[in-house]
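The residues making up each chain are set out below.
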Amino acid sequence: MGGPDLTGRVGLVTGASRGIGAAVARGLLDAGAAGVVVTGRRPETVAAVAEELGPRAVAVSGNVRDPEHAREAVATAVATFGACDLLVNNAGTNPSAGPLMEVDLEAVDATWDVNLRAPLVWARAAWDGWMRANGGAIVAVGSVGGLTPGPALGAYNVSKAGLHHLTRQLAHELAPTVRVNAVAASVVRTRLAEALFATDPDGVAAAHPLGRLGEPDDVAAAVLFLLSDAASWITGVVLPVDGGLSGAAGPL
Ligand SMILES: NC(=O)c1ccc[n+]([C@@H]2O[C@H](COP(=O)([O-])OP(=O)(O)OC[C@H]3O[C@@H](n4cnc5c(N)ncnc54)[C@H](OP(=O)(O)O)[C@@H]3O)[C@@H](O)[C@H]2O)c1
């Protein structure tokens, strides 16, 4: 059996210039999508990604925090490919580390803006620009840090916990027209997480019951499933994609 079938659907992926977002964009096209809009801040980078993906991909650059950028990306999907069925709220950032009592508040603003407020902004743009009238599916890329508190990434973890609840709230409000789900990833080999695994990749891998770090395609596979009709009776869930970390037994 192959992967999820997304034949004819049109997708929009934020933060698709590399990492998990780029893997999701490629996966959408491999699953038969009619088109995908890829976004990121640097015009030349997203243009290069779209070029590599081929004629079913279009780039729209901007800051994910900007509602006008979100509206433009949705409008581009509709104008270019005739729809905007699938939204992947993937763009994320982590400029702050350290205890919440000490972390720089401007970094907190940036983290919560990109990781939590922007997914709402993009859901509204997709709802207004296509999904209210035509239906669709939304998936957000959350984190195991949003499931369990940890010592180092408090501002990030709180943003992801908020994103998980935003997912549940939107699922409630947009049903039955639009399904809304999230994945909660553990450490995946991308630029964002490099500091977490660079010094001791084997040790970090060993903390996961499945014994390895995640790859962007591991997360993309779960995102594509949740976007597809194979998940047509699933909404409001936060699916751990974490090598078993969140289900691992603690000390006896
Ligand atoms: N890697 C992990 O271990 C891990 C674990 C759990 C969750 N996640 C989540 O997975 C998602 C993807 O991250 P990744 O690991 O693939 O990291 P990545 O390789 O660093 O990619 C992050 C993407 O987000 C985009 N982005 C960041 N800030 C942006 C902004 N203000 N406006 C527009 N685009 C912005 C970046 O684009 P530009 O820089 O080109 O603008 C880039 O395309 C994030 O939400 C992250 O929190 C990752």
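The model shown is predicted, which means the values in this text are computed figures rather than measured ones. For every chain, the first residue of the written sequence is number 1, and numbering continues from 1 along that sequence. Since the coordinates come from a predicted model, pLDDT governs what is reported: local features require at least 70, and pairs of side-chain atoms require 80 or more to be given and counted, while whole-chain, interface and lining totals use all residues. Excluded from the side-chain calculations are hydrogens and water; all other atoms, namely the structure's heavy atoms, are used.

Undergrad: Honestly, the overall build of the chain in this entry has me stumped. Any pointers?
TA: Under the scheme used here, helices are H or I runs from DSSP no shorter than 4 residues and strands are E runs no shorter than 2 residues, and both carry numbers assigned from the N terminus. Helix and strand counts for the chain stand at 8 helices and 7 strands. Expressed as a percentage of the 252 residues in the chain, the buried residues total 50%. The long-range fraction of contacts in the chain, counting pairs at least 24 apart against all pairs at least 6 apart in sequence, stands at 69%. The Shrake-Rupley method, run with a 1.4 Å probe, gives the accessible areas here. Residue values count only the displayed protein chains as cover. When the accessible area of the chain is evaluated, it comes to approximately 11,900 Å², of which 56% is carbon and sulfur surface. When accessible area is computed with a 1.4 Å probe and restricted to protein chains, residues below 20% of their type maximum are described as buried, those above 50% as exposed, and intermediate ones as partly exposed. Contact between two residues is taken to exist if any of their heavy atoms lie within 4.5 Å; hydrogens are not considered.

Undergrad: Explain the pattern of salt bridges to me, please; I cannot follow it from the model alone.
TA: It is possible for side chains bearing opposite charge to pair when their charged atoms get close. Salt bridge, as used here: a side-chain nitrogen of Lys or Arg that lies within 4 Å of a carboxyl oxygen of Asp or Glu. The full count for this structure, using the stated rule, is 7 salt bridges. Put simply, arginine 65 and aspartate 113 hold a salt bridge, and the shortest N to O gap is 2.9 Å. A residue pair is termed long-range when its members are at least 10 positions apart, and arginine 65 in the loop between strand 3 (57-61) and helix 3 (67-81) and aspartate 113 in helix 4 (residues 105-134) qualify at 48 residues. A relative accessible area of 31% places arginine 65 in the partly exposed class. Across the pair aspartate 128 and arginine 132 runs a salt bridge whose closest N-O atoms are separated by 2.7 Å. Highlighted residues: aspartate 128 and arginine 132, both in helix 4, separated by 4 residues, approximately one helical turn. Take aspartate 128: its relative accessible area is 53%, and that puts it in the exposed class.

Undergrad: Is there a simple way to think about the sheet that holds strand 3 in this case?
TA: Whenever strands of a sheet pair, they do so through backbone hydrogen bonds, lying parallel or antiparallel. Read from one edge of the open sheet, 7 strands run 3-2-1-4-5-6-7, paired in parallel fashion. Each end of this open sheet is capped by a strand with a single partner; those strands are strand 3 and strand 7 (238-241). Between one strand axis and the next, the sheet turns through 20° on average, direction left out of account. The pairing of strand 1 (residues 10-13) with strand 2 (residues 35-40) spans 4 bridges and is classified as parallel. The partner of glycine 11 across the bridge, within strand 2, is valine 36. Angular values range over 0 to 180 degrees, each being the angle between N-to-C directions of two axes fitted as lines to C-alpha atoms, with helices fitted over their stretch in contact. Strands in contact with helix 5 (residues 154-174) are strand 5 (136-143), strand 6 (178-185) and strand 7; relative to strand 5, the strand with the most contacts, it is inclined by about 160°. Here helix 8 (residues 216-227) sits on the sheet in contact with strand 4 (86-89), strand 5, strand 6 and strand 7, set at roughly 165° to strand 6. At least two DSSP bridges between two strands are needed for those strands to be called paired.

Undergrad: Please clarify how the site of the ligand should be interpreted in this entry.
TA: Summary of the distance rule: residues count as near a molecule or strand when at least one heavy atom falls within 4 Å of that molecule or strand. If you check the shell around the ligand, you find 29 residues, and the closest are Ser17, Asn90, Tyr156, Val188 and Thr190. Between the ligand and lysine 160 there is a distance of 2.9 Å, counted from an oxygen atom to a side-chain nitrogen or oxygen. The protein chains hide 97% of the 880 Å² of surface that the ligand would expose on its own. At the level of elements, helix 1 (19-30), strand 5 and helix 5 are the ones that each hand at least two residues to the shell around the ligand. Note on residue classes: Ala, Val, Leu, Ile, Met, Phe, Trp, Tyr, Cys and Pro are nonpolar, Asp, Glu, Lys and Arg are charged, and everything else, Gly too, is polar. Broken down by class, the residue content of the shell around the ligand amounts to 12 nonpolar, 12 polar and 5 charged. Distance and chemistry together define a polar contact, namely a pair of N or O atoms within 3.5 Å, with one atom able to donate a hydrogen and the other to accept it when in protein, and with adjacent residues in sequence counting only for side-chain atoms on both sides.

Undergrad: Explanation requested: the packing of helix 4 against helix 5 in the structure shown.
TA: Two quantities define a packed helix pair, namely the angle between the helix axes and the distance between the axes. The N-to-C vectors of helix 4 and helix 5 enclose an angle of 15°; their axes lie 8 Å apart at closest approach. Compared by their axis directions, helix 4 and helix 5 come out roughly parallel. In terms of crossing hand, the pair formed by helix 4 and helix 5 is right-handed. Of helix 5, the residues touching helix 4 (which contributes Val108, Thr111, Trp112, Asn115, Leu116, Pro119, Leu120, Ala123 and Trp127) are Ala155, Tyr156, Val158, Ser159, Lys160, Gly162, Leu163, Leu166, Leu170 and Leu174. Along the lines of polarity and charge, the residues of the contact of helix 4 with helix 5 split into 14 nonpolar, 4 polar and 1 charged. Should an angle fall under 35 degrees it is called roughly parallel, over 145 degrees roughly antiparallel, and 65 to 115 degrees roughly perpendicular, with every other angle called oblique. Each helix crossing is assigned a hand: it is left-handed if the near helix lies turned anticlockwise from the far helix by less than a right angle, otherwise right-handed if that turn is clockwise.

Undergrad: Would you explain the confidence of the model for the chain in this entry?
TA: Any region with low pLDDT has predicted coordinates that should not be read closely. Values of pLDDT, ranging from 0 to 100, describe the predictor's confidence in every residue of the model. In this model, the chain carries an average pLDDT of 96, and 98% of its residues clear a pLDDT of 70 or more. Looking at the elements of the chain, mean pLDDT is at its lowest for helix 6 (residues 194-197), recorded as 89, and at its highest for strand 4, recorded as 99.

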